Amino acid sequence: MPHAPSLWRGPAPLLLASTSPTRRGLLESAALAVETRAPGVDERAVEAASAGLSPLALAERLASAKAGAVAAQAPDRVVIGADQVLDLDGTVFHKPADRAGAAAHLARLQGRTHALHSAVALAVDGTVAESFVVTARLTMRPLGEAGIAAYLDAAGPAVTGSVGAYQLEGVGIHLFDRIEGDHSTILGLPLLPLLARLRGRGLLAV
Ligand SMILES: Nc1nc2c(ncn2[C@H]2C[C@H](O)[C@@H](COP(=O)(O)OP(=O)(O)OP(=O)(O)O)O2)c(=O)[nH]1
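In this text the structure is predicted, and so the values were computed from the model without any measurement. (Residues numbered from 1 in each chain as written. Predicted model: local features only at pLDDT ≥ 70, side-chain atom pairs only at ≥ 80, totals over all residues. Heavy atoms only, no water.)

A. Local environment of the side chain of D87. The residue D87 is located in strand 3 (residues 79-88) in this model. Notably, D87 is buried but unbridged: the nearest opposite-charge side chain belongs to R137, and the N-O separation is 6.1 Å. A polar contact is formed between the side chain of D87 and the backbone nitrogen of D89, at a distance of 3.5 Å. In terms of polar contacts, D87 uses its side chain to reach the backbone amide nitrogen of G90, at 2.6 Å. If near-sequence neighbours (up to four positions away) are discounted, D87 is found in contact with P55, H114, A115 and H117. (Helix = DSSP H or I, 4+ residues; strand = E, 2+ residues; numbered from the N terminus. Buried < 20%, exposed > 50% of the residue type's maximum accessible area, 1.4 Å probe, protein only. Lys, Arg positive; Asp, Glu negative; His and termini not counted. Salt bridge = Lys/Arg side-chain N within 4 Å of Asp/Glu carboxyl O. Polar contact = N/O pair within 3.5 Å; in protein donor to acceptor, adjacent residues only side chain to side chain. Contact = heavy atoms within 4.5 Å.)

Listed below in structure tokens is the structure:
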């Protein structure tokens, strides 16, 4: 299958400072030439040094740390970093380590509305030039213990791959009564504002 013509106009592929296959997939589906590099940032250490920051500000700081770390090693490249923080009334949730952790997340999220703060930082010439955060709000159904177990059986190990233990484009859709926010924001990379910024820098053909 011939590769779709790229809409990326940068002199080298966009450098995504992320290990997330979801983020890479979103950019490639938008026909951007992408190269990925692990950010190598100790997120928990950044978080520990950011006591008192709101969950939204924490997401932006983490995204900037990731973009900055990779951009420092690649000053000639356009680099983006991203981070997503789940915020339940001010409490930050991280990716569950295992099925039990996912069950514990869902037991607390069920029947309530949580926020996903998805931040992106854009670096050029070796330093972060701009960053932004987009928030989605998701209202989870009351699931009950049996409902959580049935969902976890269906979702499988993928539940440890996201902060809320769900993949919205997969069986995670069954968890929700109401979703406010853009699909790509929920997946962890708000495409509309990101593409607008790249376009504003003359990096996109459309
Ligand atoms: N496929 C899918 N992935 C999701 C969904 N919601 C969140 N995610 C993923 C996107 C990110 O990979 C991850 C958010 O966690 P982080 O912001 O900490 O990124 P992660 O550690 O995965 O990669 P990175 O820090 O960028 O190297 O969760 C979803 O609904 N579907």
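We are not done yet, so read on.
B. Representation of the nonpolar core. Ranked by internal contacts, the top residues of the largest apolar core, which has 45 residues, are L27, L32, I80, Y166, L189 and L198. Leave out the neighbours within four places in its chain, and L32 touches S6, W8, L14, L27, L195, L198 and L204. Counting residues in hydrophobic clusters, the runner-up holds 17 residues, among them L15, A67, A71 and A121. (Core = buried A, V, L, I, M, F, W, Y, C linked by side-chain atoms within 4.5 Å.)

C. Structural detail: the site of the ligand. Close to the ligand lie 19 residues, the nearest being S18, T19, S20, K66 and E169. Contact distances for the ligand include 3.1 Å between a nitrogen atom and a side-chain N or O atom of T22. Burial of the ligand by the surrounding chains reaches 92%, relative to a free accessible area of 620 Å². Under a 2 Å grid-point criterion requiring more than half of the atoms, the pocket assigned to the ligand is the largest pocket. Breaking the shell around the ligand down by element, the ones donating at least two residues are helix 1 (21-29), strand 3 and helix 6 (183-187). The greatest single-element share of the shell around the ligand, amounting to 3 residues, is contributed by strand 3. (Near = heavy atom within 4 Å. Areas by Shrake-Rupley, 256 points an atom, 1.4 Å probe, with all protein chains shown as cover. 1 Å grid on protein atoms, 1.4 Å probe; cavity = no way out; pocket = protein on both sides within 12 Å on 5 of 7 lines; lining within 4 Å. Sits in = over half its atoms within 2 Å of the grid points.)

D. Up close: the packing of helix 4 (residues 99-109) against helix 5 (residues 144-155). At a minimum axis distance of 10 Å, the contact between helix 4 and helix 5 shows a crossing angle of 135°. Judged on the interaxial angle alone, helix 5 and helix 4 are oblique. The two elements helix 4 and helix 5 meet at a crossing, and its hand is right-handed. Of helix 5, the residues touching helix 4 (which contributes R99, A102, A103, L106 and A107) are I148, A149, Y151, L152 and D153. (Axes fitted to C-alpha atoms, helices over the stretch in contact; angles between N-to-C directions. Parallel < 35°, antiparallel > 145°, perpendicular 65-115°, else oblique. Left-handed = near helix turned anticlockwise from the far one by under 90°.)

E. Just the confidence of the model for the protein, in detail. Residues at a pLDDT of 70 or more form 98% of the protein, whose mean pLDDT is 96. This complex was scored by the predictor with a pTM of 0.96 and an ipTM of 0.97. (pLDDT = per-residue confidence, 0-100.)

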